[in-house]
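Structural characterization, general
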Amino acid sequence: MSLLGVVLLVLGSAIAGFALVGLVPPLRRALVTRPLMRLLRSRMPTVSETERQALEAGTVWWDAELFSGRPRWDRLLGVARPPLSAEEKAFLDGPVEELCRATDEWRIHREQDLPEEVWDRLRSSGVFGLTIAREDGGLAFSATARSEVIAKLASRSVPLAVTAILPNSLGPAELLHRYGTPEQKKRWLPSLARAEEIPCFALTGPEAGSDAASLPDTGALEKAPDGSLRIRLNFEKRYCTLAPVATVIGLAFRLRDPDRLLGGEVDRGITVALVPADAPGVTIGERHDPLGVAFQNGPIVGRDVVVPLDAVIGGREGVGHGWRMLMECLAAGRGLGLPSMGAGQARAAARVVGAYARVRRQFGLPIGRFEGIEEPLARIAGAAYLMDATRSLVAAVADGGERPAVVSAIVKWHATELGRQVANDAMDILGGAGICRGPRNLLSLGYQAAPIAITVEGANILTRSLIIFGQGAVRAHPFVYRELRALADPDRARGLRDLDAALAAHVRFSARNAVRALAHGLTRGVFAGSPVKGPTAGLFRGVARASAAFALVADASLVLLGASLKRRETLSGRFADALGWMALASAALWRFEADGRPAAHLPLVRWAATLGIHRALHALDAVLREIPVRPAAWLLRALAFPTGVGAPPPSDRLGSEVARILLEPGEARDRLTAGVFVPDDPADPGAVLEGALRAAVAAEPAEALLRAARREGRLPDLRGEELVREAVARGVLSEPQAAAIRSADAARREAIRVDSFPPEELAEATAPPPRRRPPRKSRRGAAR
């Protein structure tokens with residue numbers, strides 16, 4: 001029986017007994033709780049240290065409110081978006097802007113590497129030291145500032161952003177900052193901040209991917225000839241970002257102490273150490289080719305690599321604590337790096353596609369005016385709003401000291417999936433211009449990169465089907481974790497009291513949620529609480545209704561399915577869908593309030609929150625269709641959805657309003673895409689497209705005069721320049737109006753051009769990256 005199954009059986013068995021003797025606690029403990037505790041302790045499985053550390057990593061936050069069935073909105077709306085400091089603003093407007101301006105994405109793709117001058121700018125800008133403390137030579141920027149930096153870099157170039165993310169996410173710098181000894185911090189952090197050392201992190205191997213805790217890579221503790229302790233490492237790693245240019249490796253391995261030199265057990269558990277990339281026995285430098293996206297990534301192999309014991313992060317005290325370190329860092333970092341990168345890409349795509357849909361004309365109209373194009377435009381704008389809202393919210397709570405593990409998993413999963421949807425929709429709108437690669441194509445390389453984010457930092461299939469609800473059901477549920485702790489308490493008397501109190505509260509919680517879900521189901525949430533008045537009040541009530549239904553169905557499913565729920569990954573995935581979309585809808589509502597309720601963004605928040613509520617409730621509907629205990633499923637449906645599910649998706653009319661935001665230059669479009677890099681070089685394809693959009697908008701009044709004159713028969717059936725000249729001759733247009741039309745037409749033709757190449761140049765452009773590249777002093781210190 002699994003650990004979760006123990007608690008589920010406890011709750012199911014206890015309900016009847018608590019109903020009979022609930023008013024007499026001593027009698028209840030004697031007749032119900034004590035026998036249950038004795039039975040379940042005898043069947044309770046052993047919890048490994050790695051399982052416990054993964055379970056306890058991070059903090060519980062808004063996920064607990066959604067599990068409660070009655071979210072306390074003040075806990076969400078009380079999160080303040082911290083303003084950027086003057087130094088952080090200057091960094092974004094200075095070094096980051098210059099990095100973006102110096103970056104040519106097509107050149108990076110052709111050369112399969114960042115140009116040397118971009119590497120030099122990265123090193124000198126301090127971007128590798130965003131998380132490192134000032135006393136250690138870093139910038140110590142807030143999570144919000146780091147997120148803004150990553151998003152802006154990603155809006156210009158995926159390889160540029162990936163190169164900047166790694167040193168500031170799960171890697172040696174953060175691990176040293178949190179767990180390193182004073183000597184390790186002094187040795188490594190200043191050189192990492194100055195990019196004199198380039199880090200990479202080696203966790204995944206051929207046999208340890210999603211099941212990272214099953215590392216086969218080993219380190220054996222031994223005594224050196226001088227009497228000191230050292231570790232002999234053997235490992236095989238892959239998918240290591242920055243490995244081909246790294247100078248230091250953060251290595252995760254399982255440490256063994258066969259001679260018990262440290263005392264205690266032989267198997268000391270997962271440990272993390274710093275290994276110089278040029279250490280004897282290390283093979284490094286070859287590259288993977290991740291879908292042609294030109295960031296540095298490759299394998300690392302080590303055979304009989306020897307490092308001193310003090311290479312372990314945290315020194316001797318860090319031995320065996322590597323998994324805890326990784327889980328705690330991942331709990332916060334997973335919700336920041338990739339989501340920020342995805343939000344930057346999505347906002348950039350929204351700006352590009354909106355401009356293109358206004359400039360590109362077919363059948364005499366901008367293609368963005370057709371409903372078939374409005375639909376994906378609305379999805380792009382809505383997804384960009386949701387992604388930026390969740391990114392901003394997680395960064396804000398991280399600045400407040402939270403490390404929300406379940407919410408971070410939700411945000412990583414949804415940000416990358418929404419990013420893939422944005423990439424697909426954007427390519428559909430661009431059509432042929434989207435599939436012809438070249439310097440004019442602003443989206444194709446981001447489209448190629450979309451699957452990469454899906455797979456890293458917890459593959460999305462694993463995250464959805466196992467992690468979000470599996471961890472959330474224990475950590476975020478109001479009582480399950482308390483019940484587990486009580487069962488495991490070595491003090492049996494205290495454990496009995498705690499278990500009895502938790503079970504009694506759990507039964508009351510379940511009963512209240514059943515009543516609340518029924519009331520909200522009958523009224524479609526009309527009487528649910530809302531912290532605000534006005535056009536978004538109904539959306540807050542919709543999330544509250546979804547939360548009550550989720551709490552009821554999730555709690556009942558834990559009891560009905562017991563330990564088998566762990567194996568029902570599709571069901572767990574649907575619960576994750578419900579929880580995730582409630583969290584996204586909440587983030588959209590938070591952003592609207594944090595932004596000061598801008599009227600221009602009301603269509604966006606309505607679209608985003610409506611979609612979240614719709615998908616959350618329909619995910620619960622799908623759960624109820626699959627619960628195998630059919631009578632119980634019928635009863636739960638009667639309680640949660642007595643008048644049906646309701647909650648339709650965003651209407652076509654609302655989608656049209658959202659799509660128009662991308663088509664119209666102005667406050668709404670600029671606010672949605674704020675923080676992306678907008679090039680000012682007139683020759684840059686992005687600047688060409690922006691100029692064509694402005695010209696198209698300026699020419700539209702004159703074009704309307706032309707159309708009206710033709711309908712009225714005042715102009716002959718001519719096209720192009722001939723029509724414009726005739727309109728001027730007949731007094732339909734003035735010379736300035738004609739000039740506006742000519743300017744718009746010229747700008748449009750330039751903006752919609754696609755690239756073509758001589759055959760030999762195309763062959764060079766599509767050549768695979770070199771398998772090995774020589775070390776460069778500017779990136780790896782002294783040449784090896």
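About the cut-offs
Residues numbered from 1 in each chain as written. Predicted model: local features only at pLDDT ≥ 70, side-chain atom pairs only at ≥ 80, totals over all residues. Heavy atoms only, no water. Axes fitted to C-alpha atoms, helices over the stretch in contact; angles between N-to-C directions. Helix = DSSP H or I, 4+ residues; strand = E, 2+ residues; numbered from the N terminus. Parallel < 35°, antiparallel > 145°, perpendicular 65-115°, else oblique. Contact = heavy atoms within 4.5 Å. Nonpolar A, V, L, I, M, F, W, Y, C, P; charged D, E, K, R; others polar. Buried < 20%, exposed > 50% of the residue type's maximum accessible area, 1.4 Å probe, protein only. Polar contact = N/O pair within 3.5 Å; in protein donor to acceptor, adjacent residues only side chain to side chain. pLDDT = per-residue confidence, 0-100. Salt bridge = Lys/Arg side-chain N within 4 Å of Asp/Glu carboxyl O. Left-handed = near helix turned anticlockwise from the far one by under 90°. Pairing = 2+ DSSP bridges. Phe/Tyr/Trp six-rings, centres within 6.5 Å; stacked < 30°, edge-to-face > 60°.

1. Looking at the packing of helix H29 (residues 720-729) against helix H30 (residues 735-751)
- The geometry of H29 relative to H30 is characterised by a closest axis approach of 10 Å and an angle of 170° between their N-to-C directions. Taken together, the axes of H29 and H30 lie roughly antiparallel to each other. Where H29 approaches H30, its residues Glu721, Val724, Arg725 and Val728 are matched on the opposing element by Glu735, Ala738, Ile741 and Arg742.
- Here the residues of the contact of H29 with H30 are counted per class, giving four nonpolar, no polar and four charged.

2. Some thoughts on helix H10 (residues 158-165)
- Most of H10 sits out of view: eight of its eight residues are buried.
- Every buried residue of H10 is accounted for by Val158, Pro159, Leu160, Ala161, Val162, Thr163, Ala164 and Ile165.
- One side-chain oxygen of the residue at the start of H10 lies 3.2 Å from the amide nitrogen of Leu160, identifying that residue as Ser157.

3. A word on unusual backbone geometry
- One non-glycine residue, Tyr239, lies in positive phi territory at about 60°.
- Tracing the sequence through the fold places Tyr239 in strand S3 (residues 229-241).
- Phi is positive for Arg524, close to 55°, though the residue is something other than glycine.

4. So, the confidence of the model for the protein chain
- Chain-level pLDDT for the protein chain is 90 on average; 92% of the residues reach the 70-or-more range.
- Within the model, pLDDT remains below 50 along residues 16-21, and this stretch shows 12 contacts once partners closer than five positions in the same chain are excluded.
- In this model residues 771-784 is a low-confidence stretch, pLDDT under 50, and it forms 38 contacts with partners more than four residues away in sequence or in other chains.

5. Quick look at the pattern of salt bridges
- The tally for this structure, following the rule as stated, stands at 53 salt bridges.
- Asp755 is paired through a salt bridge with Arg440; the nearest N and O atoms lie 3.9 Å apart. Of this pair, Asp755 sits in the loop between H30 and helix H31 (759-765) while Arg440 sits in the loop between helix H17 (432-435) and helix H18 (444-455), and the two are 315 residues apart along the sequence.
- Using a relative accessible area of 16% as the deciding quantity, one classes Asp755 as buried.
- We classify Arg440 as partly exposed; its relative accessible area is 26%.
- A salt bridge links Arg671 to Glu667, with the nearest nitrogen and oxygen atoms 3.4 Å apart. Residue Arg671 and its partner Glu667 are both found in helix H27 (residues 667-672); the two are separated by four residues, about one turn of the helix.

6. A closer look at the packing of helix H16 (residues 405-430) against H18
- Contact pair H16 / H18: the axes reach a minimum separation of 9 Å and the direction vectors enclose 155°. Overall, the two elements H16 and H18 adopt an arrangement that is roughly antiparallel. When the axes of H16 and H18 are compared, the crossing they make is left-handed. Contacts from Lys412, Thr416, Glu417, Arg420, Ala423, Asn424 and Met427 in H16 reach Ser444, Tyr447, Ala450, Ala453 and Ile454 in H18.
- Taken together, the residues of the contact of H16 with H18 break down into six nonpolar, three polar and three charged.

7. Brief notes about the pairing of strand S1 (residues 199-202)
- With burial as the criterion, each face of S1 is covered, one bearing Pro199 and Phe201 and the other bearing Cys200 and Ala202.
- Looking at chain direction, S1 and strand S4 (residues 248-256) are connected through four bridges and run parallel. Bridged to Cys200 within S4 is Ile249.

8. Quick notes on the packing of aromatic side chains
- In the structure shown here, the tally under the stated rule is 12 aromatic pairs.
- Between Trp62 and Trp73 the ring centres are 5.3 Å apart and the planes differ by 45°, which places this aromatic pair in the tilted class. Within this pair, whereas Trp62 is found in helix H4 (residues 62-68), its partner Trp73 is found in helix H5 (residues 73-77), the two being separated by 11 residues in sequence.
- For Trp73, a relative accessible area of 7% gives the class buried.
- Ring geometry for Phe550 against Phe575: centres 6.1 Å apart, planes inclined by 80°, an arrangement best described as edge-to-face. Residue Phe550 is located in helix H22 (residues 537-561), and its partner Phe575 is located in helix H23 (residues 569-594); the two are separated by 25 residues in the primary sequence.

9. A few points about the environment of Pro290
- Secondary-structure assignment places Pro290 in the loop between strand S6 (282-284) and strand S7 (297-308).
- According to the relative accessible area criterion, Pro290 is buried, its value standing at 16%.
- Residues Pro290 and Ala449, 159 residues apart in the sequence, show an inter-C-alpha distance of 8.0 Å.
- Ignoring sequence-local partners within four residues, the contact set of Pro290 consists of Phe295 and Ile452.

10. Structural notes on the environment of Arg358
- Tracing the backbone shows Arg358 in helix H14 (residues 337-359).
- Residue Arg358 is classed as buried on the basis of its relative accessible area, which comes to 2%.
- With 280 residues separating them along the chain, Arg358 and Ala638 place their C-alpha atoms 48 Å apart.
- Setting aside residues up to four positions removed in sequence, Arg358 forms contacts with Pro366, Arg369, Leu663, Glu664, Pro665, Leu693, Val697 and Glu700.

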